[in-house]
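Remarks on the overall topology
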Amino acid sequence: MSSPADPGTASRTPPAGANAAGLYAPNSASLQGVSNGAHADPADSSPRSLGELISEITTDLSTLVRQEVELAKAEATQSAKRAGKGAGMFGGAGFAGYFVLLFLSIALWWALGDGMGHGWSALIVAALWAIAGVILALRGKKEFADIRGLGRTTETLAKIPNAVKGNEEENR
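First, a word on scope: everything that follows refers to the structure included in this document. (Residues numbered from 1 in each chain as written. Predicted model: local features only at pLDDT ≥ 70, side-chain atom pairs only at ≥ 80, totals over all residues. Heavy atoms only, no water.)

The next point concerns helix 3 (residues 50-116). Here helix 3 spans 94 Å end to end across 67 residues, near enough to the 99 Å set by a 1.5 Å rise per residue. Burial in helix 3 covers these residues: L71, S105 and G113. The secondary structure elements touched by the buried residues of helix 3 are helix 4 (118-145). G117 sits one or two positions beyond helix 3 and adopts a positive phi of about 105°. (Helix = DSSP H or I, 4+ residues; strand = E, 2+ residues; numbered from the N terminus. Expected span 1.5 Å × (residues − 1). Buried < 20%, exposed > 50% of the residue type's maximum accessible area, 1.4 Å probe, protein only. Contact = heavy atoms within 4.5 Å.)

The following block contains the structure:
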């Protein structure tokens, strides 16, 4: 049973303004004024004020931004579901790989044990795994140390105020 807040339910229905595929397409009402260059009734030939035009532009821009945000949410939900499935599959593969290594280790322990005794062979196999663990830990530590953050994103976000003001040349 799913509730309205259930993310699984939300991902099955396209956002408001979207068609069944989740894409936004203009309807006939929004295209009515496109041919004559205005949103007003074609029979009304009186010129509109600057305030009315700015109000329409603001409303259209707001609608566009809202629709883009809804589209981004829908795409992110779909991508997150696929990523979750993929992560689950990788988790299962890792679990299966763990058992492969476990049984290969037991086979090596048993094979070495026939020649030198099972106690010493178990210590040798454990030492091999300890060495592998130390090497992986050191490599992982180095990878974390090399993380630099979101350098390009920070740089481009800092350029937005100049671009909005029309001073793009200051960003170069």
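On to the packing of helix 3 against helix 4, then. Interaxial distance between helix 3 and helix 4 falls to 7 Å at its minimum, and their mutual angle equals 140°. One finds that helix 3 runs oblique with respect to helix 4. At the point where helix 3 passes helix 4, the crossing takes the right-handed sense. Note on element contacts: helix 4 touches helix 3 through H118, W120, S121, A122, I124, V125, L128 and W129, opposite L101, S105, L108, W109, W110, L112, G113, D114 and M116. (Axes fitted to C-alpha atoms, helices over the stretch in contact; angles between N-to-C directions. Parallel < 35°, antiparallel > 145°, perpendicular 65-115°, else oblique. Left-handed = near helix turned anticlockwise from the far one by under 90°.)

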